[in-house]
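One letter stands for each residue in the lines below.
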Amino acid sequence: MLKFCVGPLEVPSFRMIERHYYKGELLRNYDFTFGFCIPNSTNTWEAVYDMPVNSKERINDMVSNAAALSLFASASPHSFSEAAKRNTRT
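Since we're looking at a predicted model, the values are computed, not measured.

Draft legend 1. Structural context of the overall build of the protein. When you go through the protein residue by residue, the secondary structure sums to 2 helices and 5 strands. Its helices and strands in sequence order give the protein the pattern β-β-β-β-α-β-α, from N to C terminus. Looking at the protein as a whole, 24% of its 90 residues are labelled buried. Accessible area of the protein: about 6,500 Å², with a carbon and sulfur share of 56%.

In structure tokens form, the structure reads like this:
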């Protein structure tokens, strides 16, 4: 479950892209659009999605090298920069 807070101004369109990599290879890409976020709110988002099919060899390699697993999650550059600008205005 993802939990995030919004500052004093609304976020008109919030988008998050989540990417899972293993040894530099993109395994799965998720693209979530939250839409409008209310000012001064705490929000939660729960998503259930399928995991990619992996061979037994890859699964064993992942278990043996758990430190090599990486995750990248980020708001879209436009949404994040616009929200940051809006929430830092005085």
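Let's pick the thread back up.
Draft legend 2. Spotlight on the side chain of Ser 41. In this structure, Ser 41 sits in the loop between strand E3 (25-37) and strand E4 (42-45). For Ser 41, a relative accessible area of 12% puts it in the buried group. A polar atom in the side chain of Ser 41 sits 3.0 Å from the side chain of Asn 43. The contacts of Ser 41, once residues within four sequence positions are left out, are Phe 4, Cys 5 and Val 6.

Draft legend 3. Spotlight on the packing of aromatic side chains. If you walk through the whole model with that rule in mind, you get 6 aromatic pairs. The interplanar angle of 15° and the centroid separation of 6.2 Å between the aromatic rings of Tyr 30 and Phe 32 together place this pair among those described as stacked. Ring-pair connections join several aromatic residues into one group, and the members of that group are Phe 4, Phe 14, Tyr 30, Phe 32, Phe 34 and Trp 45.

Draft legend 4. Highlighting the environment of Asn 40. Structurally, the position occupied by Asn 40 is in the loop between E3 and E4. Sequence separation between Asn 40 and Pro 8 is 32 residues; the distance between their C-alpha atoms is 5.1 Å. Those residues within four positions of Asn 40 in sequence are excluded, and the remaining contacts are Val 6, Gly 7 and Pro 8.

Cut-off values and rules
- Residues numbered from 1 in each chain as written.
- Predicted model: local features only at pLDDT ≥ 70, side-chain atom pairs only at ≥ 80, totals over all residues.
- Heavy atoms only, no water.
- Helix = DSSP H or I, 4+ residues; strand = E, 2+ residues; numbered from the N terminus.
- Buried < 20%, exposed > 50% of the residue type's maximum accessible area, 1.4 Å probe, protein only.
- Areas by Shrake-Rupley, 256 points an atom, 1.4 Å probe, with all protein chains shown as cover.
- Polar contact = N/O pair within 3.5 Å; in protein donor to acceptor, adjacent residues only side chain to side chain.
- Contact = heavy atoms within 4.5 Å.
- Phe/Tyr/Trp six-rings, centres within 6.5 Å; stacked < 30°, edge-to-face > 60°.

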